[in-house]
Amino acid sequence: MTGKRAVYPGSFDPMTIGHLDVAKRAAALFEHLTIGIYLGSEKPGALFTHTDRDEMAREAVAHLPNISVESFSGLTVDFARDQNAAIIVRGLRAVSDFEFEFQLATMSRHLTDQVETVFLTPTEQLNFISSTLIREIASLGGNISEFVHPAVADALRSLRENNISSRIFDSGLGVSLFRDNSTRTRFSFASACNLLGLAVQDLDEGKSQIAHGETVRETANMISFMADVIGIRDDMY
């Protein structure tokens, strides 16, 4: 193993510009940096599959010649050895991150004395950005484009649009709104919502929380209008 090579492991669900900032800093210090996408993150609460995370990371670092992306499972120290790297890079956003990262670094040293952990901090203006925060903002329809690579922003947007449509279908709202519950009708309803920029949420709780500040009654009127436009009989209002 050589100190000229390093690995930067994480779930990257999704990768943010904070991650990219740390990766660029590490790439300036080492001959080669391998970003490791951890496969074990496919669990309840994970947003993207490891394939999606791998593809987005590759696109985000495609312009950086000494950074590559690999997926891995198992111990990070084993991944480092597989990549012929003697350094594990970890990002620290705040003091609150240190305790957990210190435990990981200490355990890694216990497992092998041939791999060291190096902590890097992102640019101060990026300290507040986290994958968890990005997922939450994106799920509520907020603009996260300045915090992630364009490929990640597009993926989050598509995921949210697909989730809105699927929640409309799965909630039974199509049945309660329209007598005609054909596949054409349900897809037309979802399309109408997308055209109007509506984000119908909390359907499983029997509520209609609409993005952009519209009231439920205003939304009902718009849905009724769109139902007339696309030739669907409104059965609710």
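Being a predicted model, the structure only gives us computed values, none of them experimental.

Helix and strand counts for the chain come out as nine helices and five strands. Each helix and strand of the chain, placed in order from N terminus to C terminus, yields the pattern β-α-β-α-β-α-β-α-β-α-α-α-α-α. The buried share among the 237 residues of the chain stands at 43%. Expressed as a percentage of contacts within the chain between residues at least 6 apart in sequence, the contacts between residues at least 24 apart total 70%. Accessible surface, the chain as shown: approximately 12,800 Å² in total, 52% of it carbon and sulfur.

Among the secondary structure elements, H19 is positioned in helix α1 (residues 17-29). With a relative accessible area of 18%, H19 lands in the buried category. Setting aside chain neighbours within four positions, we find H19 in contact with Y8, F12, P14 and S131.

Our next topic: a nonpolar patch on the surface. Together, L75, M107 and L111 make up an exposed nonpolar region whose accessible area comes to about 280 Å². Looking at the element boundaries, L75 is found in the loop between β3 (67-72) and α3 (76-82).

The next subject is the layout of surface pockets. Each pocket or cavity is described by its volume, and for the largest pocket that value is around 1,100 Å³. For the largest pocket, the lining is made up of 42 residues, of which P9, G10, S11, R90 and E101 are closest to its centre. For the lining of the largest pocket, the secondary-structure elements that each account for two or more residues are β1 (2-10), α1, α3, β4 (85-91), α4 (95-111) and α5 (131-139). In terms of residues, the lining of the largest pocket owes the most to one element, α4, which gives nine residues. Split into classes, the residues belonging to the lining of the largest pocket amount to 18 nonpolar, 17 polar and seven charged.

As a further point, take the packing of aromatic side chains. Taken as a whole and judged by the stated rule, the model has six aromatic pairs. Arranged with centres 5.4 Å apart and planes meeting at 50 degrees, the rings of Y38 and F72 form a pair that is tilted. Here the residue Y38 occupies a position in strand β2 (residues 32-38), and F72 occupies one in strand β3, the gap between them amounting to 34 residues. Look at Y38 and you get partly exposed, because its relative accessible area is 32%. Put simply, the rings of Y38, F72 and F79 pair up and form one aromatic cluster.

In this structure, Y8, M15, L33, I35, V61, I67 and V89 are the most contacted members of the largest nonpolar core, which totals 22 residues. For this core, the element with the most residues is α1, which contributes five residues. Not counting residues up to four positions away in its chain, the partners in contact with Y8 are H19, V22, A23, L33, T34, I35, G36, V89 and G91. Judged by nonpolar contacts, the second largest core, of 12 residues, contains F48, I134, V152 and A153.

Within the structure shown, the criterion is met by seven salt bridges. A salt bridge links R58 to D54, with the shortest nitrogen-to-oxygen separation between them at 2.5 Å. Highlighted residues: R58 and D54, both in helix α2 (residues 50-60), separated by four residues, approximately one helical turn. Judged by its relative accessible area of 12%, D54 is buried.

As a further point, take the environment of D154. For D154, the position within the fold is in helix α6 (residues 150-171). Within the structure, D154 has its side chain in polar contact with the side chain of R157 (distance 2.8 Å).

Moving on: the environment of S130. Structurally, S130 is set in the loop between β5 (116-120) and α5. In this structure S130 touches T16 and R93, once residues within four positions along its chain are discounted. Looking at S130, its side chain comes within polar contact range of the main-chain nitrogen of L133, at 3.1 Å.

Let us look at the pairing of β2. For β2, the tally of buried residues reaches six of seven residues, placing the bulk of the element in the interior. Both β2 and β3 contribute to a ladder of six bridges, which runs parallel. Its bridge partner lying in β3, G36 is registered against E70.

Further remarks concern unusual backbone geometry. In this structure, P14 follows D13 across a cis peptide bond, with omega equal to 0 degrees. When you line up the elements, P14 lands in the loop between β1 and α1. Positive phi values are uncommon outside glycine, yet F12 reaches one of about 50 degrees. A positive phi is found at N84, a non-glycine position, where the angle reads about 60 degrees. Among the secondary structure elements, N84 is positioned in the loop between α3 and β4. For N84, a relative accessible area of 38% translates into the label partly exposed.

Here is what the cut-offs are and how they apply
- Residues numbered from 1 in each chain as written.
- Predicted model: local features only at pLDDT ≥ 70, side-chain atom pairs only at ≥ 80, totals over all residues.
- Heavy atoms only, no water.
- Helix = DSSP H or I, 4+ residues; strand = E, 2+ residues; numbered from the N terminus.
- Buried < 20%, exposed > 50% of the residue type's maximum accessible area, 1.4 Å probe, protein only.
- Contact = heavy atoms within 4.5 Å.
- Areas by Shrake-Rupley, 256 points an atom, 1.4 Å probe, with all protein chains shown as cover.
- Patch = residues over 30% accessible without salt bridge, like charges linked within 9 Å, V, L, I, M, F, W, Y side chains within 5 Å.
- Salt bridge = Lys/Arg side-chain N within 4 Å of Asp/Glu carboxyl O.
- 1 Å grid on protein atoms, 1.4 Å probe; cavity = no way out; pocket = protein on both sides within 12 Å on 5 of 7 lines; lining within 4 Å.
- Points joined across faces, edges and corners; volume = space filled by probe spheres on them.
- Nonpolar A, V, L, I, M, F, W, Y, C, P; charged D, E, K, R; others polar.
- Phe/Tyr/Trp six-rings, centres within 6.5 Å; stacked < 30°, edge-to-face > 60°.
- Core = buried A, V, L, I, M, F, W, Y, C linked by side-chain atoms within 4.5 Å.
- Polar contact = N/O pair within 3.5 Å; in protein donor to acceptor, adjacent residues only side chain to side chain.
- Pairing = 2+ DSSP bridges.

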